[in-house]
Each structure stands twice: as C-alpha cells, then as structure tokens.
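Single-letter residue listing:
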Amino acid sequence: MKKRLGFITALVILGLVAVLWPAAKPTHSVDTPARNVRMDEQQQSSNTAATPAGAQSISVTEHIAEALPQQFAYIAAAYEQELSYPPYSRPLTRDDVQLLTPNQYVVQQVPLENGAQAAIVLPQYRFIYPEDIEVVLTVAGVDASQVTVSLYSEDTGQRLTESTMQANEQGFSTILTAEQDWQGELRLEVAFRANAQPHRLQTGIDYQQPSAEIIGVKDGYAEGSDLVIPLQLEVSAAGTYRVRANLFSSKGEPLAHLVGSADLAKGEATLLLRAYKAVLAGIEGPYLLNTFTVERRSAAPGERSRFGKSVQSEYQVAFYGLGLLSDEPWQPDASELQRLEFLKMMAEAQ
C-alpha cells in the first residue's frame, strides 16, 4: 500500500480530534445547582470587568467546535491536492527547503556568560567515507583559547580522533581526516577556555561507509505518463534500497522530488526513478538530477539504515520526448480515496 507522508499529520490531528470533540461541544445542564450558577455569575462578572468596552465575550469551547469543520476542510483540500500526484514523483518548489537541502546541519548558538555565544558549524549532517569533516567554532563576545575538538563513537564512547583548532577569520577551525572504521552516530565535542573558564560544546553527526554508489545516469525514456530515469549503481552491500533525488530544468528551475525503491544485489545494478508528466510543467529536457540520498533500508528490528553516495553531485538527463508522455490523471488507491471521503464528511459536519 502506498503511504503518504503528508497524511501522517492529518492522522495525528484526527486522533486528537477524536479525543477532544466531545469536550469541545457546548453543554447545557437543566438542573444546575444554585451555587454553581452563582459561581458562573461571578466568573462572568470577572471576565466582563477584564474585557475592554465593546469587546465581545467568546466561548472557547464553542469557538473550537465551530472551527473544527473548517480545519477538516483545509486538511481535505491539501490531501486531495496531494492525491493528484503519485508518491514517487512530487512537485518541487524553492519553498521546499527540507527537500532541497536534506543533509543540512542546523547551527545552534549556545549562550555563554555575559551575553557571549559560541556555536559549532559543520558543512552537513551526514558524511560518507572518504569525506573529511571540517569543523568550525564561532565565538562572539568573548576571547577563546586552547580550542580542541574530539570525535567519539556514540555506541562505545571510544574517542576516535582529536585535533587542535586554529584561529582564523571564521573563528577556529580544523579538518578531521576520515578513517575507514568510522560508522554510525558520532559525537563531536569542542573544548575551549574563555575568561579562564572551561567550556564544552557537543553535537551529533552521522558517518557512513558507503553501501552503494551512483556511478551514472542513462538517458530518460517515456513509459506511459512517466519519464523514466535509469540510475546505475555499484552496490557493496545487497539489500532494499531507496533513492531520493531532485529534478531541475536545464536552467535550474526545481521541478520534482523523485523517489525510487528496489532490491539490489551486490555488484552493478540499475534503479529507476520516475517523473510524472504533470510535475514537468511542460518543460522539455534536458534536465538536471542532483541532491541524492542513497539509503539501504533496515532489514530487521534494531538494524540501522545505511547510506551511500553519488560519484558526481549532478547528472544531466537527456530527454526530448515530452509529447510522448500520456496525459491520463493519476489514480489514487481505494484506501486513499476512503480517507479523502472521510475528511470531506468531517468538513461538512455541523
């Protein structure tokens, strides 16, 4: 069964609504005790006094109940739009930051004494051997000295390497040379002194020995309503693979986020990506394919996913047959249509 990432959010909201809906509806008691009435009157008097003149008093529970159908209408409209594209080929825009930069490291400023700040800066979150790790420490509002960085295995706690960081225009930096035994979740720890006080900053990264490499991309071809893009891989660890990539026009305009999966044996292999005609927006090839994420998926509980890489950061996809692609609309499966119908029903509920 195809799964929609966007629908997870809707399911969470539906679960909350299922719990909160009965409490959200206004209730009326026929035989309300007098003391409760007096309490309500006192509360109402207090609320009235606290409300600016001319402002309307609003019941929170009534407001929630009235807003729920509208929220379901928004969810239904978004989900219906999502169902117009296959899950393996989604439209891509400049606003899709997480898809455009899936391996981005998020810098976090750490406050020090007297308003000073420090931060670890890395070029990315996940590294694939033999990529070295460039580490930068930025410091503002205080002078730092004796700056070192250490790399540890999260699983064993073993220190894998240590280096002294040198002062430069950025702050302090060094490059940790990659080793073949680095694998999995690692911890970076930067230590320094400022105002005669010791400080330590920590951050996590992921380091992988490549399970597969994309070594080439063949010319695209038409198959029904899809542009099919064959990826050539060199697989070092057999398993079930999922590859994500972004497709751009020759001018660099984002077109589609593509996802393909296949069981691959060790050695040379081919995995197909498909771009649905509608996401191509009438733009003829050639296209540019980049931003690869090569994942060997976990095969058993407790086993971690492994990751690979692409030999080149970008490939040109030759294809000049946009008119060869058929125009039939994408057909969601029965379960997806049932979910959409349910959302529309809840949106129309009074």
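Residues numbered from 1 in each chain as written. Predicted model: local features only at pLDDT ≥ 70, side-chain atom pairs only at ≥ 80, totals over all residues. Heavy atoms only, no water.

### Details of the overall build of the protein chain
Here is step 1 of the chain: Along its length, the protein chain carries five helices and 21 strands.
Here is step 2 of the chain: In the protein chain, the proportion of contacts linking residues at least 24 apart, taken out of those at least 6 apart, comes to 68%.
Here is step 3 of the chain: Surface accessibility of the protein chain: about 20200 Å² in total, with carbon and sulfur atoms responsible for 51%. (Helix = DSSP H or I, 4+ residues; strand = E, 2+ residues; numbered from the N terminus. Contact = heavy atoms within 4.5 Å. Areas by Shrake-Rupley, 256 points an atom, 1.4 Å probe, with all protein chains shown as cover.)

### Structural notes on the sheet that holds strand S7 (residues 159-164)
Here is step 1 of the chain: On the basis of which strands lie adjacent, the open sheet formed by five strands has the order S4-S11-S10-S6-S7 and mixed pairing. A single partner strand is all that each edge strand has here, and the edge strands are strand S4 (126-128) and S7. Each strand of the sheet is rotated relative to its neighbour by a mean of 30°, with strand direction disregarded.
Here is step 2 of the chain: As judged from the 11 bridges shared by strand S10 (residues 184-194) and strand S11 (residues 197-208), these two strands associate in the antiparallel manner. Paired with Ala191 across the two strands is Arg200, which belongs to S11. (Pairing = 2+ DSSP bridges. Axes fitted to C-alpha atoms, helices over the stretch in contact; angles between N-to-C directions.)

### A short note on the pairing of strand S15 (residues 239-249)
Here is step 1 of the chain: Taken across its 11 residues, S15 has eight buried, putting it largely inside the fold.
Here is step 2 of the chain: Two strands pair when backbone bridges link them, and S15 and strand S16 (residues 254-264) are joined in this way by 10 bridges, in the antiparallel orientation. Within S16, the position partnered with Thr240 by the bridge is Asp263.
Here is step 3 of the chain: The hairpin formed by S15 and S16 contains four residues between the paired strands, and Gly252 there has a positive phi angle of roughly 90°. (Buried < 20%, exposed > 50% of the residue type's maximum accessible area, 1.4 Å probe, protein only.)

### Some words on the environment of Ala140
Here is step 1 of the chain: Structurally, the position occupied by Ala140 is in strand S5 (residues 133-140).
Here is step 2 of the chain: Between the C-alpha atoms of Ala140 and Leu112, which are 28 residues apart in sequence, the distance is 9.4 Å.
Here is step 3 of the chain: In this view, Ala140 contacts Ala116 and Gln117; residues no more than four positions away in its chain are not counted.

### Thoughts on the side chain of Glu189
Here is step 1 of the chain: For Glu189, the position within the fold is in strand S10.
Here is step 2 of the chain: Given the relative accessible area of 9%, Glu189 is considered buried.
Here is step 3 of the chain: At a separation of 2.7 Å, a polar atom in the side chain of Glu189 contacts the side chain of Arg200.
Here is step 4 of the chain: If we ignore the near neighbours within four places in the chain, the residues touching Glu189 are Thr148, Val149, Ser150, Tyr152, Arg200, Leu201 and Gln202. (Polar contact = N/O pair within 3.5 Å; in protein donor to acceptor, adjacent residues only side chain to side chain.)

### Observations concerning the packing of aromatic side chains
Here is step 1 of the chain: In this structure the tally under the stated criterion is five aromatic pairs.
Here is step 2 of the chain: Ring centres 6.5 Å apart and planes at 90° place the aromatic pair Tyr85 and Tyr276 in the edge-to-face group. One end of the pair, Tyr85, is in the loop between helix H3 (60-82) and strand S1 (89-91); the other, Tyr276, is in strand S17 (residues 267-276), with 191 residues separating them in the sequence.
Here is step 3 of the chain: Taking 5.9 Å as the distance between ring centres and 90° as the angle between the ring planes, the aromatic pair formed by Tyr88 and Trp330 counts as edge-to-face. Here Trp330 lies in the loop between strand S21 (314-317) and helix H5 (334-348) and Tyr88 lies in the loop between H3 and S1, a separation of 242 residues in the sequence.
Here is step 4 of the chain: Here a set of aromatic residues connected by ring pairs shows up, and it is made of Phe127, Trp182 and Tyr207.
Here is step 5 of the chain: A cation over an aromatic ring shows up here: Arg126 above the ring of Phe307, its NZ or CZ 3.6 Å from the ring centre. (Phe/Tyr/Trp six-rings, centres within 6.5 Å; stacked < 30°, edge-to-face > 60°. Lys NZ or Arg CZ within 6 Å of the ring centre and 35° of its normal.)

### Describing the pattern of salt bridges
Here is step 1 of the chain: Within the structure shown, the criterion is met by 11 salt bridges.
Here is step 2 of the chain: For Arg200, the salt bridge goes to Glu189, with nearest N and O atoms at 2.7 Å. Of this pair, Arg200 sits in strand S11 while Glu189 sits in strand S10, and the two are 11 residues apart along the sequence.
Here is step 3 of the chain: Through salt bridges that share partners, Glu223, Asp226 and Arg274 make up one connected network. (Salt bridge = Lys/Arg side-chain N within 4 Å of Asp/Glu carboxyl O.)

### Observations concerning the side chain of Arg242
Here is step 1 of the chain: Considering the arrangement of structural elements, one finds Arg242 in strand S15.
Here is step 2 of the chain: Taking relative accessible area as the criterion, Arg242 reaches 17% and is therefore assigned buried.

### Looking at the confidence of the model for the protein chain
Here is step 1 of the chain: For the protein chain, the mean per-residue pLDDT works out to 83, and 77% of the residues sit at or above 70.
Here is step 2 of the chain: Contacts from residues 15-58, a stretch scored under 50 in pLDDT, to residues over four places away or in other chains number 14 contacts. (pLDDT = per-residue confidence, 0-100.)

### Regarding the nonpolar core
Here is step 1 of the chain: With 34 residues, the main nonpolar core has Ile229, Leu231, Leu233, Leu247, Leu280, Tyr287 and Leu289 as its most contacted residues.
Here is step 2 of the chain: Going through the elements one at a time, strand S12 (212-217), strand S14 (226-235), S15, S16, S17, strand S18 (287-296) and S21 are the ones with two or more residues in this core.
Here is step 3 of the chain: Filtering out sequence-adjacent residues up to four positions away, Leu289 remains in contact with Val217, Ile229, Leu231, Ala245, Asn246, Leu247, Leu258, Leu273, Ser313, Glu314, Tyr315 and Val317.
Here is step 4 of the chain: Membership of the second largest hydrophobic core comes to 29 residues, among which are Phe127, Val142, Leu160 and Val190. (Core = buried A, V, L, I, M, F, W, Y, C linked by side-chain atoms within 4.5 Å.)

### Some points on the sheet that holds strand S8 (residues 166-167)
Here is step 1 of the chain: Spatial ordering of the open sheet is given by S2-S3-S5-S9-S8, a layout of five strands whose pairing is antiparallel. Bordering the open sheet on either side are strand S2 (110-111) and S8, each of which pairs with just one other strand.

### What to know about the pairing of strand S3 (residues 117-121)
Here is step 1 of the chain: Strand direction decides the pairing type here: S2 and S3, joined by two bridges, are antiparallel. Counterpart to Pro111 in the pairing with S3 is Gln117.
Here is step 2 of the chain: Between the antiparallel neighbours S2 and S3 lie five residues, among them Asn114 with a positive phi of about 60°.
Here is step 3 of the chain: Of the pairings in the sheet, the one linking S3 to S5 comprises five bridges and is antiparallel in character.

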